[in-house]
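Below are the chains, spelled out letter by letter.
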Amino acid sequence: MNLPATEDLDRAFAALADPVRRAIVARLSRGAATVNELAEPFEISKQAVSKHIQVLEAAGLVSRSRDAQRRPVHLEAARLEALTAWIDRYRLVAEQQFRSLDAVLERTAAVPSQAGAPHPSAPNAALTPKENDKEHQS
């Protein structure tokens, strides 16, 4: 799968930055809908919803078709898949870095260190606090 060009990514992520447009995409993931159907849950005008759809359409995330008098809006799943592939590319790199860090930490934890050894002038860890006090008083 070809990854989107920088301008396409910018347009798509800018379109998805708006909560109304994300809600429209979420609704369209369940199936095509008309502008009227998409406008129902929002307290904004149908014209405003139509403008949101235009932004999503310009980003290639949705498309419209004709069905007699209806003009249903459809989600472009392949476009979302391309965005997901772009994100996954970087997510996989980050996960590999975390796995490498985990391996280093596990190796470090398995190696006995001198960090936990008591300092020669420190009280004897094997003694109880009372015994330590007595030892230091003598």
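Residues numbered from 1 in each chain as written. Predicted model: local features only at pLDDT ≥ 70, side-chain atom pairs only at ≥ 80, totals over all residues. Heavy atoms only, no water.

1. Details of the packing of helix α2 (residues 19-28) against helix α4 (residues 46-58)
Now for step 1: Two elements in contact, α2 and α4, have axes separated by 10 Å at closest approach and are oriented at 75°. Between α2 and α4, the angle is such that the two are roughly perpendicular. From α2, V20, R21, I24 and V25 reach across to α4, where they touch V49, H52, I53, V55 and L56.
Now for step 2: Grouping the constituent residues of the contact of α2 with α4 by class yields 7 nonpolar, 1 polar and 1 charged. (Axes fitted to C-alpha atoms, helices over the stretch in contact; angles between N-to-C directions. Helix = DSSP H or I, 4+ residues; strand = E, 2+ residues; numbered from the N terminus. Parallel < 35°, antiparallel > 145°, perpendicular 65-115°, else oblique. Contact = heavy atoms within 4.5 Å. Nonpolar A, V, L, I, M, F, W, Y, C, P; charged D, E, K, R; others polar.)

2. Regarding the packing of helix α1 (residues 6-16) against helix α5 (residues 77-110)
Now for step 1: At their nearest, the axes of α1 and α5 sit 11 Å apart, and the two run at 105° to each other. For the element pair α1 / α5, the angle class is roughly perpendicular. For the pair α1 and α5, contact is made by D8, L9, A12, F13 and L16 and by R79, L83, W86 and I87, respectively.
Now for step 2: Looking at the contact of α1 with α5 residue by residue, the classes come out as 7 nonpolar, no polar and 2 charged.

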